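Now for the letters of each chain:
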Amino acid sequence: VQLQASGGGYVQAGGSLRLSCAASGLSISNYAVGWFRQAPGKERQFVAAINWGGNGIPTKYADSVKGRFTISRENAKNTVYLQMNNLRPEDTAIYYCAKDRGRLISIRRLNYDYWGQGTLVTVSS
């Protein structure tokens, strides 16, 4: 199982980026998927997660990104996305996607068994 995170980059405050998490080796449509981020000198923290399934499925966000970030999935492409709008300098971090062990959303890192390599997001003020 491999998860490939991409889409990071350098953007000015107020800008947008869309991260992608492409899975190979299994179908992630049967599992919840989450995004986490790690800023320099800080612990990896939960950002967003999405339940297994199709349209209208539950999602969850960290308070710090609620209303600005949107997680979605495209099962036909075995991919999960994180649309990030109105980015702030404090969003600067390496962003990781991860597959949950089960179908339901979790904010706990220990519930995730496969992780992507991370993609760097830098937001300038």
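Structure first, text after, so check above.
Residues numbered from 1 in each chain as written. Predicted model: local features only at pLDDT ≥ 70, side-chain atom pairs only at ≥ 80, totals over all residues. Heavy atoms only, no water.

> Can you explain the sheet that holds strand 7 (residues 69–74)? Please cite residues and give values.
Here we have four strands laid out as an open sheet, ordered 1-3-8-7, and antiparallel in their pairing. Each edge of the open sheet is held by one strand with a lone partner, namely strand 1 (2–6) and strand 7. Adjacent strand axes in the sheet meet at a mean angle of 15 degrees, parallel and antiparallel pairs treated alike. Note: strand 7 against strand 8 (residues 79–84), six bridges, orientation antiparallel. Its bridge partner being in strand 8, Phe69 is matched across the sheet by Met84. (Pairing = 2+ DSSP bridges. Helix = DSSP H or I, 4+ residues; strand = E, 2+ residues; numbered from the N terminus. Axes fitted to C-alpha atoms, helices over the stretch in contact; angles between N-to-C directions.)

> Mind laying out unusual backbone geometry, listing which residues take part and the relevant values?
Positive phi values are uncommon outside glycine, yet Asn78 reaches one of about 55 degrees. For Asn78, the position within the fold is in the loop between strand 7 and strand 8. Residue Asn78 is classed as buried on the basis of its relative accessible area of 16%. (Buried < 20%, exposed > 50% of the residue type's maximum accessible area, 1.4 Å probe, protein only.)

> Please set out the pattern of salt bridges residue by residue, giving values where relevant.
Where side chains of opposite charge bring their charged atoms close, a pairing between them can arise. Evaluation of the coordinates by the stated rule reveals four salt bridges. Taking the shortest distance from any N to any O, the salt bridge between Arg37 and Asp91 comes out at 2.9 Å. Here Arg37 is found in strand 4 (residues 33–38), whereas its partner Asp91 is found in the loop between strand 8 and strand 9 (93–100), with 54 residues between them in sequence. Of the two residues examined, Arg37 and Asp91, each falls in the buried class. (Salt bridge = Lys/Arg side-chain N within 4 Å of Asp/Glu carboxyl O.)

> Could you give me a rundown of the side chain of Ser20, with the residues and numbers involved?
Counting through the fold element by element, Ser20 comes out in strand 3 (residues 17–24). Those residues in contact with Ser20 that sit more than four places away from it in its chain are Gln4, Ala5, Ser6, Trp35, Thr79, Val80 and Tyr81. (Contact = heavy atoms within 4.5 Å.)

> Outline the pairing of strand 1, supporting the account with residue identities and numerical values.
Burial along strand 1 is one-sided: Leu3 and Ala5 are buried, while Gln2, Gln4 and Ser6, pointing the other way, are not. When strand 1 meets strand 3, the two strands line up antiparallel, connected through five bridges. Of the residues in strand 3, the one forming a bridge with Ala5 is Cys21.

> Any details on the packing of aromatic side chains? Residues and values, ideally.
With the rule as written, the count across this model stands at four aromatic pairs. Look at Phe36 and Phe46: their rings are 5.7 Å apart centre to centre, the planes differ by 80 degrees, and that puts the pair in the edge-to-face class. Pair noted here: Phe36 is in strand 4 and Phe46 is in strand 5 (residues 45–50), with a separation of ten residues, a long-range link. The buried category is assigned to Phe36, whose relative accessible area is 1%. Phe46 gets classed as buried once you look at its relative accessible area, which sits at 14%. Plain terms: the ring middles of Tyr112 and Trp115 are 6.1 Å apart, the flat faces sit at 55 degrees to each other, and that makes the pair tilted. A relative accessible area of 3% places Tyr112 in the buried class. Counting every residue linked through ring pairs, the aromatic cluster contains Phe36, Phe46, Tyr112 and Trp115. For the cation-ring pair, Arg44 lies above Tyr96, with the distance from its terminal atom to the ring centre recorded as 3.6 Å. Across from the ring centre of Trp52, 3.9 Å away, lies the NZ or CZ of Arg103, which sits over that ring. (Phe/Tyr/Trp six-rings, centres within 6.5 Å; stacked < 30°, edge-to-face > 60°. Lys NZ or Arg CZ within 6 Å of the ring centre and 35° of its normal.)

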